[in-house]
Amino acid sequence: MKAEISLKELQDMVVRCRKCPRLVDYLKDISKHKPKRYRDWNYWSKPLPSFGDPNARVLIVGLAPAAQGGNRTGRMFTGDRSGEWLFNALYQFGFANQSNSLRRDDDFKLNDGYITATIRCAPPQNKPLPEEIENCRPYFLKELDLLKNIKVIVPLGQIAFAQTLKSLKSKGFDIPSLSFGHGRIYLLSLRTQHSELRTITLITTYHPSQQNTQTGKLTRPMFHRIFRMVKKKIENKG
Ligand code: SF4
């Protein structure tokens, strides 16, 4: 990857990526076997670019696109149940202009927020292989360089949390051992021998997956509390 690259060029590169043959095949397969309710959709079925405000102070890190959600519509979290929870929370706290997004062309916009993911192709059973996560990591690392105003990172769920820490370590930052739970807040001072000090707050949350939201493990008030914490942090009130 070129050292000098814009966010737009990076996302164009992601869409063209074919580094994971298993996932490339799986995406083709999904669009050949659409469920009845989506049979009229022309599935995106390519890697999904991240999206949002290039000057964002808040970075949301998902796990992977949903086969019948973002992979269908062409935008992360768009058109699936997790996205409905996420977008609603972002809207409630002023980070989005609409409370939901069902299509890529519906003018949904993020304000002060950027959404990325651990991997950008939907994996079978929602379970990426370790080598697929590694193949995709350079895109996330480059985003961290390009999104210079990020002050708060919110990984959605334990896997995104662990992978975010791994990515920060792989950039040479000295990251202590941190435990996962809902609503934890960690202040990280990021500095390598050659970089300026960058302070980032990590706020943890359960993933708004149906498995969590339908069982009551994650409720709306619990999820909204996370974005209240984010808001306080970027406004320097917490
Ligand atoms: S998961 Fe990432 S690295 Fe693998 S093909 Fe998709 S975009 Fe490329």
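Residues numbered from 1 in each chain as written. Predicted model: local features only at pLDDT ≥ 70, side-chain atom pairs only at ≥ 80, totals over all residues. Heavy atoms only, no water.

Q: A description of the packing of helix H5 (residues 130-146) against helix H6 (residues 158-170) should follow, citing residues and the corresponding values.
A: Between H5 and H6, whose axes approach to 10 Å, the crossing angle comes to 70°. Overall, the two elements H5 and H6 adopt an arrangement that is roughly perpendicular. The two elements H5 and H6 cross, and the hand of that crossing is right-handed. Note on element contacts: H6 touches H5 through Gln163, Thr164, Lys166, Ser167, Leu168 and Ser170, opposite Ile133, Glu134, Arg137, Phe140, Leu141 and Leu144. Along the lines of polarity and charge, the residues of the contact of H5 with H6 split into 5 nonpolar, 4 polar and 3 charged. (Axes fitted to C-alpha atoms, helices over the stretch in contact; angles between N-to-C directions. Helix = DSSP H or I, 4+ residues; strand = E, 2+ residues; numbered from the N terminus. Parallel < 35°, antiparallel > 145°, perpendicular 65-115°, else oblique. Left-handed = near helix turned anticlockwise from the far one by under 90°. Contact = heavy atoms within 4.5 Å. Nonpolar A, V, L, I, M, F, W, Y, C, P; charged D, E, K, R; others polar.)

Q: Kindly report on the environment of leucine 86, identifying the contributing residues and their values.
A: Its location among the elements puts leucine 86 in helix H4 (residues 81-92). Among the residues examined, leucine 86 registers a relative accessible area of 0% and is labelled buried. (Buried < 20%, exposed > 50% of the residue type's maximum accessible area, 1.4 Å probe, protein only.)

Q: Run through the site of the ligand, naming residues and quoting values.
A: Close contacts around the ligand come from Cys17, Lys19, Cys20, Leu23, Pro47, Arg120, Cys121, Asn135 and Cys136, and that covers them all. With respect to the pocket detection grid, the ligand is positioned in the largest cavity. (Near = heavy atom within 4 Å. 1 Å grid on protein atoms, 1.4 Å probe; cavity = no way out; pocket = protein on both sides within 12 Å on 5 of 7 lines; lining within 4 Å. Sits in = over half its atoms within 2 Å of the grid points.)

Q: Summarise the packing of aromatic side chains; cite the residues concerned and give the values.
A: What describes a pair of aromatic rings is the distance from one ring centre to the other and the angle between the planes of the rings. Under the counting rule described, the total for this entry stands at 6 aromatic pairs. Where phenylalanine 87 meets phenylalanine 108, the ring centres are 4.4 Å apart and the plane angle is 40°; that geometry is what we call tilted. Taken together, the residues span a long stretch of sequence, with phenylalanine 87 in helix H4 and phenylalanine 108 in the loop between H4 and strand E3 (113-117) at a distance of 21 residues. For phenylalanine 87, a relative accessible area of 0% corresponds to the buried category. Seen from their ring centres, phenylalanine 161 and phenylalanine 180 are 5.4 Å apart, and the 50° between their planes marks the pair as tilted. Of the two residues, phenylalanine 161 is situated in helix H6 and phenylalanine 180 in the loop between H6 and strand E5 (185-190); the sequence distance between them amounts to 19 residues. Across this residue pair, the class does not change: phenylalanine 161 and phenylalanine 180 are buried. These aromatic residues form a ring-pair network of at least three members: Phe51, Phe87 and Phe108. Sitting above the plane of the tryptophan 44 ring, lysine 46 keeps its charged end 4.1 Å from the centroid. (Phe/Tyr/Trp six-rings, centres within 6.5 Å; stacked < 30°, edge-to-face > 60°. Lys NZ or Arg CZ within 6 Å of the ring centre and 35° of its normal.)

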